[in-house]
Amino acid sequence: MKISFNQKELTTKGMGRREALKHLGVGSAVLLAGGNTSASAKTKLSTFASRKKATIVIVGGGTAGMTVAARLRRSAPNAKIILIAPNETHLYQSGQLYVATGLYNEFDNKRSTAQLLPEHVTWIQDKVTAFDPEKNLLYTAKHPALSYDYLVVATGCEYDYGRVEGLEVSDIGKYGIASVYLNDLEAGTSEGAIVSRMWLRSIQRNAEKSELTVLFADPDTPVKGEGTSLSMLLLAQDGFKGKEAHAQVNWKLTKADNRLFPSAKIDHALKKILKKSETLSVSYGYVLQRIEKEKKRAVYRTAEGKNVEISYDYLHITPSMQAPKIIRDSSLSVKEGQFKGWLEVEAHTLCHPKYRNIFGIGDVVGLPSGKSGGAVREQAIVLQDNIAAMMEGKEPPMTYEGYSASPIKTRYGRVMLAEYTPKGLAPTFPLNPVQPRWIWWEIDLHLMRSAYFGLMMRGML
């Protein structure tokens with residue numbers, strides 16, 4: 001699919017933004033998720049790759065698990081596909097930021113797992129407790145050993161708030177602390193979005209009384225939704241434009257390395273945007289070690305090995321992230337190096353290097369590519385064809401190039417669509433990818449949630 005448009009041309013013809021959005025249609029949402037990338041261009045969804053019988057087990061019922069289940073249902077129609085996941089409710093996690101800023105209702109982001117489950121996929125509502133890849137078995141909390149011919153690990157990642165000394169999950173919503181990330185995927189709740197909305201309102205109220213310091217702390221681990229905390233910061237700051245002069249907030253962002261974003265060109269563009277603000281500062285090489293919540297004080301370790309204290313009135317935490325314990329403690333994980341503890345897969349095939357019938361997808365994999373919905377969609381296309389090909393005794397034909405996409409909100413009404421691979425920018429549209437645009441905001445806010453539930457979860461996006 002190829003869609004082209006000229007923003008100026010659309011508006012000068014008397015077509016307003018909403019009319020232009022309608023004109024572009026859901027096809028734009030497809031492309032926003034990476035619809036013109038190498039994998040989607042090569043795959044042939046109309047041709048079943050294998051009609052052989054096999055048992056395919058998918059562990060995880062989030063974005064990755066549901067998407068790959070739907071795609072495998074079509075590429076391997078005679079396979080027995082089993083999805084193991086405990087959650088009755090499925091969350092559109094990308095929508096938590098819009099709940100925090102008051103543009104979504106919390107319940108807009110929820111659907112039942114049963115409603116999204118692809119036809120002829122068996123759902124076992126349970127938790128996996130251990131893997132035995134040597135015997136092609138896995139174990140769950142409620143069921144005996146389950147065998148498989150092919151296994152797809154799509155467990156997602158875990159938040160490790162406790163890695164910061166003095167911080168507990170129960171502290172979020174108290175002591176001026178918020179985290180838009182906080183959710184419970186098993187219970188289908190997203191407290192962080194609600195807490196963050198109240199947190200933003202509290203900042204606005206109190207800024208009219210006295211000068212405030214609002215601190216955003218990012219971790220030194222890989223994170224999913226790269227750019228989320230930066231979007232949160234920029235939208236929060238944008239909410240103060242036009243207010244009285246005495247509404248003064250000092251915004252501070254801390255990053256563990258010297259980058260705002262993994263892609264060099266996107267990083268450069270974002271740094272230029274942040275430099276325009278007189279009330280925003282960024283400290284690079286800062287890793288949050290400890291908080292003294294009653295005193296509202298954060299203690300950092302710098303790249304030079306020094307301890308630095310920063311006092312704050314409000315603190316937003318992006319938690320450290322890691323693979324679930326069942327992955328970290330298994331023979332499936334990376335044992336050394338940068339991605340230690342994450343699921344080990346080959347970067348291009350997404351196949352485990354030792355256990356060739358095991359694949360990984362989504363936030364759990366230990367790869368240099370970003371952890372995003374766009375990455376999941378691309379990976380699901382790769383797995384769809386590679387697993388079906390292996391069922392036919394063939395080598396995996398598809399390669400994952402590390403594509404990821406992050407819609408970074410630079411202010412209300414503007415989004416920078418950061419599409420990239422480890423090699424550089426990978427824009428879908430023939431537009432400058434580092435230029436924030438209203439069209440990406442409109443698509444992300446008004447189309448992507450519907451496209452997510454109606455298309456991506458059906459394996460059609």
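In the block above lies the structure referred to throughout.
Residues numbered from 1 in each chain as written. Predicted model: local features only at pLDDT ≥ 70, side-chain atom pairs only at ≥ 80, totals over all residues. Heavy atoms only, no water.

(A) Main features of the overall build of the protein chain. Scanning the protein chain for helices and strands turns up 14 helices and 23 strands. The 461 residues of the protein chain split such that 57% are buried. Long-range pairs, those at least 24 residues apart, make up 67% of the contacts in the protein chain with a sequence separation of at least 6. (Helix = DSSP H or I, 4+ residues; strand = E, 2+ residues; numbered from the N terminus. Buried < 20%, exposed > 50% of the residue type's maximum accessible area, 1.4 Å probe, protein only. Contact = heavy atoms within 4.5 Å.)

(B) How the structure looks around the pairing of strand β12 (residues 212-217). Across the six residues that make up β12, a large majority, six, are buried. Residues Leu 212, Val 214 and Phe 216 point to one face of β12 and Thr 213, Leu 215 and Ala 217 to the other, with burial holding for every one of them.

(C) Structural detail: the nonpolar core. Judged by nonpolar contacts, the single largest core of 136 residues is most densely connected at Ile 56 and Leu 138. The biggest single contributor to this core is helix α12 (residues 373-391), with nine residues. Once residues lying within four places of it in the same chain are set aside, the contact partners of Leu 138 are Val 57, Val 59, Ile 84, Val 128, Ala 130, Phe 131, Pro 144, Ala 145, Leu 146, Tyr 148 and Leu 151. (Core = buried A, V, L, I, M, F, W, Y, C linked by side-chain atoms within 4.5 Å.)

(D) Focus on empty space enclosed by the protein. The full count for this structure, using the stated rule, is one cavity of 30 Å³ or more. In this structure, the largest cavity encloses a volume near 40 Å³. Around the largest cavity, the lining residues are Leu 417, Glu 419, Pro 427, Thr 428, Phe 429, Leu 431, Asn 432, Pro 433 and Trp 440. Across the lining of the largest cavity, the residue classes break down as six nonpolar, two polar and one charged. (1 Å grid on protein atoms, 1.4 Å probe; cavity = no way out; pocket = protein on both sides within 12 Å on 5 of 7 lines; lining within 4 Å. Points joined across faces, edges and corners; volume = space filled by probe spheres on them. Nonpolar A, V, L, I, M, F, W, Y, C, P; charged D, E, K, R; others polar.)

(E) Geometry of the environment of Asn 183. When you line up the elements, Asn 183 lands in the loop between β11 (177-178) and α8 (191-207). Asn 183 gets classed as buried once you look at its relative accessible area, which sits at 12%. Separated by 92 residues in sequence, Asn 183 and Leu 91 place their C-alpha atoms 9.2 Å apart. Sequence-distant contacts of Asn 183, that is, excluding residues within four places in its chain, are made with Leu 91, Gln 93, Gln 96, Tyr 159, Thr 189, Ser 190 and Glu 191.

(F) Local environment of the environment of Asp 184. Summarising the element assignment, Asp 184 is placed in the loop between β11 and α8. Residue classification places Asp 184 among the partly exposed residues on the basis of a relative accessible area of 35%. For Asp 184, the residues in contact, after removing those within four places along its chain, are Leu 91, Thr 189 and Glu 191.

(G) Representation of the packing of aromatic side chains in the model. For the structure shown, the criterion picks out 14 aromatic pairs. With a centroid separation of 5.1 Å and an interplanar angle of 55°, the aromatic rings of Tyr 98 and Tyr 104 are classed as tilted. For the pair Tyr 98 and Tyr 104, a shared accessibility class is recorded, and that class is buried. Residues Tyr 452 and Phe 453 carry aromatic rings whose centres are separated by 5.2 Å and whose planes lie at 80° to one another, so their mutual orientation is edge-to-face. Of the two residues, Tyr 452 and Phe 453, both sit in the buried class. Three or more aromatic residues joined by ring pairs form one cluster here, namely Tyr 98, Tyr 104, Tyr 412 and Trp 441. Over the face of the ring belonging to Trp 342 we find Lys 371, whose NZ or CZ atom lies 4.2 Å from the ring centre. (Phe/Tyr/Trp six-rings, centres within 6.5 Å; stacked < 30°, edge-to-face > 60°. Lys NZ or Arg CZ within 6 Å of the ring centre and 35° of its normal.)

(H) A look at the sheet that holds strand β21 (residues 404-411). As summarised here, the arrangement of the three strands in space is β21-β22-β23, forming an open sheet in which the pairing is antiparallel. Lying at the two open borders of the sheet, with one neighbouring strand each, are β21 and β23 (424-425). Inspection of the sheet shows strand β22 (residues 414-421) paired to β23 by two bridges, in the antiparallel sense. The residue bridging Tyr 420 from the neighbouring strand is Leu 425, located in β23. On top of the sheet, helix α10 (residues 264-275) reaches β21, β22 and β23; it is set at about 155° to β22, its chief contact. Contacting β21 and β22, helix α13 (residues 438-446) crosses the sheet at an angle of about 85° to β22. (Pairing = 2+ DSSP bridges. Axes fitted to C-alpha atoms, helices over the stretch in contact; angles between N-to-C directions.)

(I) Structural context of the sheet that holds strand β15 (residues 286-292). Taken together, the three strands give an open sheet; going across it, the order is β15-β16-β17, and neighbouring strands pair in antiparallel fashion. Whereas interior strands pair on both sides, the edge strands pair on one side only; in this sheet they are β15 and β17 (307-311). Between one strand axis and the next, the sheet turns by 30° as a mean value, whatever way the strands run.

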